[in-house]
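Spelled out from the first residue to the last, the chains are:
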2 protein chains.
Amino acid sequence: MTLPNFDELIEKYAATILRAGINQQPGETTIIQADIDQAPLVRALSAQAWALGARDVIVRWGDAEIGKSRLENASDEVLGTTGYAAAAFDDFCEEVNPNLIFVKSSGPSELAGVDIEKIKISNRTAEAAQPKRRKLTGAGKMPWIIVGAASENWAHDVFPDLPVSEAVDKLWEAIFFTSRVSFGDPLKNWEDHAYKLGKTADLLTSYQFDHILYRAEGTDLKIGLGGDRIWISAGGMSGASKKEYIPNIPTEEIFTTPDFHRVDGVVRATKPLNYSGNLVDDFELTFKDGRVVDYKARVGQEVLASIIEADEGAHFLGELALVPIDTPINESGLLFLMTLFDENASNHLAVGRGYPAGVIAGPDMNDEELREAGVNYSSMHVDFMVGSDKTDIDGVTADGEVVPIFRNGKWTDEIANQL
Amino acid sequence: MTLPNFDELIEKYAATILRAGINQQPGETTIIQADIDQAPLVRALSAQAWALGARDVIVRWGDAEIGKSRLENASDEVLGTTGYAAAAFDDFCEEVNPNLIFVKSSGPSELAGVDIEKIKISNRTAEAAQPKRRKLTGAGKMPWIIVGAASENWAHDVFPDLPVSEAVDKLWEAIFFTSRVSFGDPLKNWEDHAYKLGKTADLLTSYQFDHILYRAEGTDLKIGLGGDRIWISAGGMSGASKKEYIPNIPTEEIFTTPDFHRVDGVVRATKPLNYSGNLVDDFELTFKDGRVVDYKARVGQEVLASIIEADEGAHFLGELALVPIDTPINESGLLFLMTLFDENASNHLAVGRGYPAGVIAGPDMNDEELREAGVNYSSMHVDFMVGSDKTDIDGVTADGEVVPIFRNGKWTDEIANQL
């Protein structure tokens, strides 16, 4: 690593993840999932978590190269079988309610050339492997956070014309900048930012919109909400959890879970989608009564099909998220080719699993009640970007009041003036 | 890594481990335990295992720095609790009977400064965590292998006066040489070597010695065997396993499990003992009716105490191993400060757990029957070196015939001429 102040920034980044992000408290167990080439960050996280009084710190390591060779060589049966530790991990999460830090460092080319069917089987197995953990994190009951870390593979995807070590440095710089770590006081930055996100979410929730009207180039979509939605910002999620935490760094979004039965119209993606290392680009989806009835992609049609056709629930929306275009990520001008970053440069939607936490009392509902409340269920949850400087959004209340939310990709004055 | 042919040697080393060592067969699952800084070796092992038709390849990663910070920070209660995946792993081993490759890369200074009590608790927890797996590997029913890999920490311990990267290169060179990888055809080397080890073991077994007389400077020890012992060489263990395999690379030893009730006299170690990163040096043990009744070390007395006093079984012998002084390891002139290597430079004994496979029908005996047959049980199994060029060994049969086995640290002609 040649970035001159890399060690200092990694320490600041780890502090931001643990204190502003997962909100590490004494006596809490923290689990870190990361690839082995992220050892500097993981070691800093581990040391600082202990210093903050962690009860235990557990690292679940992966390796991109070994993961790829497994996909290339293992039989469908093996890929379809959950790992020996999966059920035990699931039980552990239910019993201990640990913090869970996911360090993501995979670029879209990581699995290039791997049979998409193999990836599908493997992803389905992984998604199904932790039902309790997924329910806990999905409902916001178990604190979790996703953060980025520059790998050689990802850095090369983002900066294909640079020598790899330079690309890694550039990508780390961009991560530190967009994560508000490399300027000012990172913890103060996050205190201010989280406060603003939280206020905006509360304001949107207070309207109790019946539906959202979403218009942009190639997009004309009506998204039903029902009168019981909560708008969530990642800036200080508390919901059903024992404490506040920020589940994404960076995060700029304010989101809720739509009524998956009430989505109609067409929506056009504005950025490519990196799905498990495979690219989908230039694509649109058509919805009728909530269900995707048509989809087409200029690039990666078969990948898009593997998402939508994964199960019935993948044909419906699970998430609606608002992000203005004036964020550090968008200002960086980079296409990160990683959803964590690119979704926070842009409004986005997700097909698949919805968020119980997006509904009042949702975290305490059983599966049937969640379904009745319009919270989608699927083994999938795949975000795609739909924001641009052409986006206009209105919220419509049950008695027909129309509230302008976005104009030309930014919060309207009507919203901004109330914060 | 600056060793010019490192990549080529790593590939040869991986091939040696998989083909000469664990004897990877199509359809077998292989598990690799290694630290994250051994990625080049682990990736080569993984790729070659797949190429040999593995059903699955599973890597269990560790990290020395994170492991140390856990020992320094976690409470006794946390260190005393088995990890969430331990029982699942144990069941998996019983169900699948996988190959298990341990890649060892810890130098003695790795845990320097860590409270020995913490290490003791942690080791006891780890030892107790996999009763089924230990029983399977101990009885030779599940194929396993231990191999070495140069870490910066270990290399610095072995070559403290060299710059670290140079030390790592030198240590890799020594590993490749002593593992018979860097000269000739590694697979042919191992075929010849394993054949010779196997013949010697069979010859010793055929004598059915009642006991062994072991004499050297500071050592005068009688070790009972009973008439039902099998001498095992690591060169082509089959025992109760589904196939032959070599559980240590390098390996030079021929060993059996003593009758733990019948050991008398005094034995003086000839090399330091690296126990979980802590050094014991210049030490001797006194046995009466099998039990250690006195022990003293000039260096690391408290570490030696933590071994012997770990449980009752740690007071008794579990292993007796013969290694002549004319081996590549001894010829290398290096003190590796790792038991895997140093024990194969030298005759050694182990306190603690014995090997059921060292007794005829042992693998099928229950715990009580094993105890009656004199196979020691303990949570510990700790080797220490007792060989030198002064060592004379005789085997004594039940009818009093005395067979000279070693003179001045080498096989006697009487033995060598029968191979």
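Before reading on, note that the structure itself is shown above.
Let me sum up the structure you'll find in this document.

### Thoughts on the overall build of chain A
Step number 1: When you go through chain A residue by residue, the secondary structure sums to 15 helices and 19 strands.
Step number 2: Residues counted as buried form 60% of the 419 residues belonging to chain A.
Step number 3: Summarising the internal contacts of chain A: among those between residues at least 6 apart in sequence, 75% fall at separations of at least 24.
Step number 4: A total accessible area of about 15900 Å² is found for chain A, and carbon and sulfur atoms account for 49% of it.
Step number 5: Side-chain charges in chain A split into 38 positive and 66 negative, and the spacing between the mean points of these groups amounts to 2 Å.

### Let's talk about the pairing of strand E12 (residues 278–288) of chain A
It is a general feature of regular strands that their side chains alternate between the two faces of the sheet.
Residue and element names in this part refer to chain A.
Step number 1: In this sheet, E12 lies alongside strand E10 (residues 263–268) in antiparallel orientation, the contact comprising four bridges. Bridging across to E12, Val267 finds its partner in Leu285.
Step number 2: Across three bridges, the pairing between strand E11 (residues 273–275) and E12 is antiparallel. Along E12, the bridge assignment pairs Leu273 with Val280.
Step number 3: Turn length for the E11-E12 hairpin, with the two strands adjacent in sequence and antiparallel, is two residues, and the turn residue Ser276 shows positive phi of about 50 degrees.
Step number 4: Of the strand pairs in this sheet, E12 and strand E13 (residues 291–299) are connected by seven bridges, and their pairing is antiparallel.

### Remarks on the side chain of Ser378(A)
Residues and elements named next belong to chain A.
Step number 1: Along the polypeptide, Ser378 turns up in the loop between helix H14 (367–372) and strand E16 (381–385).
Step number 2: By relative accessible area, Ser378 is classed as buried at 1%.
Step number 3: In this structure the side chain of Ser378 is engaged in a polar contact, spanning 2.8 Å, whose partner is the side chain of Asp311.
Step number 4: Reaching out from Ser378, the side chain makes a polar contact with the backbone nitrogen of Met380 at a distance of 2.8 Å.

### Quick look at the sheet that holds strand E1 (residues 29–35) of chain B
Step number 1: With parallel pairing, five strands are arranged side by side in an open sheet as E2-E1-E3-E4-E8 (chain B). Only two strands of the sheet have a single partner each, and these edge strands are strand E2 (56–62) and strand E8 (248–249) of chain B.

### Points about the nonpolar core
Step number 1: Core analysis: the largest hydrophobic core is formed by 153 residues, its most contacted members being Tyr13(A), Leu41(A), Trp172(A), Tyr13(B), Leu41(B) and Trp172(B).
Step number 2: Here Tyr13(A) is in contact with Leu41(A), Val147(A), Gly148(A), Trp172(A), Ile175(A), Phe176(A), Ser179(A), Val181(A) and Ile249(A), once residues within four sequence places are set aside.

### Some details on the packing of aromatic side chains
Here the distance between the centres and the angle between the planes together describe a pair of aromatic rings.
Step number 1: Inspection of every chain in the model, using the stated rule, returns 30 aromatic pairs over all chains.
Step number 2: The interplanar angle of 90 degrees and the centroid separation of 5.4 Å between the aromatic rings of Phe260(B) and Phe316(B) together place this pair among those described as edge-to-face. Of the two residues, Phe260(B) sits in the loop between strand E9 (254–256) and strand E10 (263–268) while Phe316(B) sits in the loop between helix H11 (301–308) and strand E14 (317–322), which places them 56 residues apart along the sequence.
Step number 3: Given a relative accessible area of 2%, Phe260(B) falls into the buried group.
Step number 4: Under the relative-accessibility criterion, Phe316(B) is labelled buried at 9%.
Step number 5: Here the aromatic rings of Phe336(B) and Phe341(B) are separated by 4.6 Å at their centres, their planes lie at 15 degrees, and the arrangement is stacked.
Step number 6: Within the aromatic cluster, the residues linked to one another by ring pairs are Phe6(A), Tyr13(A), Trp172(A) and Phe176(A).

### Focus on the side chain of Ser151(B)
All names here are of chain B.
Step number 1: With respect to the secondary-structure elements, Ser151 resides in the loop between strand E4 (144–148) and helix H8 (152–158).
Step number 2: Reaching out from Ser151, the side chain makes a polar contact with the backbone nitrogen of Trp154 at a distance of 3.1 Å.
Step number 3: Leaving out residues up to four positions away in the same chain, Ser151 has contacts with Asp37, Gln38, Ser105 and Val168.

### Thoughts on the relation of the copies chain A and chain B
Step number 1: When chain A is fitted to chain B, the residual RMSD is 0.0 Å, and the transformation amounts to a turn of 180 degrees plus an axial shift of 0.0 Å. The symmetry that links the two subunits is that of a two-fold axis. Relative to the rotation axis, the C-alpha of Ala85(A) is the closest in chain A, positioned 2.6 Å from it.
Step number 2: Comparing contact sets, 100% of the residues at the interface of chain A also lie at the interface in chain B, consistent with an isologous, same-surface contact.

What counts, and at which threshold
- Residues numbered from 1 in each chain as written.
- Chains lettered and ligands numbered in written order.
- Predicted model: local features only at pLDDT ≥ 70, side-chain atom pairs only at ≥ 80, totals over all residues.
- Heavy atoms only, no water.
- Helix = DSSP H or I, 4+ residues; strand = E, 2+ residues; numbered from the N terminus.
- Buried < 20%, exposed > 50% of the residue type's maximum accessible area, 1.4 Å probe, protein only.
- Contact = heavy atoms within 4.5 Å.
- Areas by Shrake-Rupley, 256 points an atom, 1.4 Å probe, with all protein chains shown as cover.
- Lys, Arg positive; Asp, Glu negative; His and termini not counted.
- Charge placed at Lys NZ, Arg CZ, Asp CG, Glu CD.
- Pairing = 2+ DSSP bridges.
- Polar contact = N/O pair within 3.5 Å; in protein donor to acceptor, adjacent residues only side chain to side chain.
- Core = buried A, V, L, I, M, F, W, Y, C linked by side-chain atoms within 4.5 Å.
- Phe/Tyr/Trp six-rings, centres within 6.5 Å; stacked < 30°, edge-to-face > 60°.
- Least-squares fit on C-alpha atoms with pLDDT ≥ 70 in both.

Nothing here speaks to function; it is all geometry.
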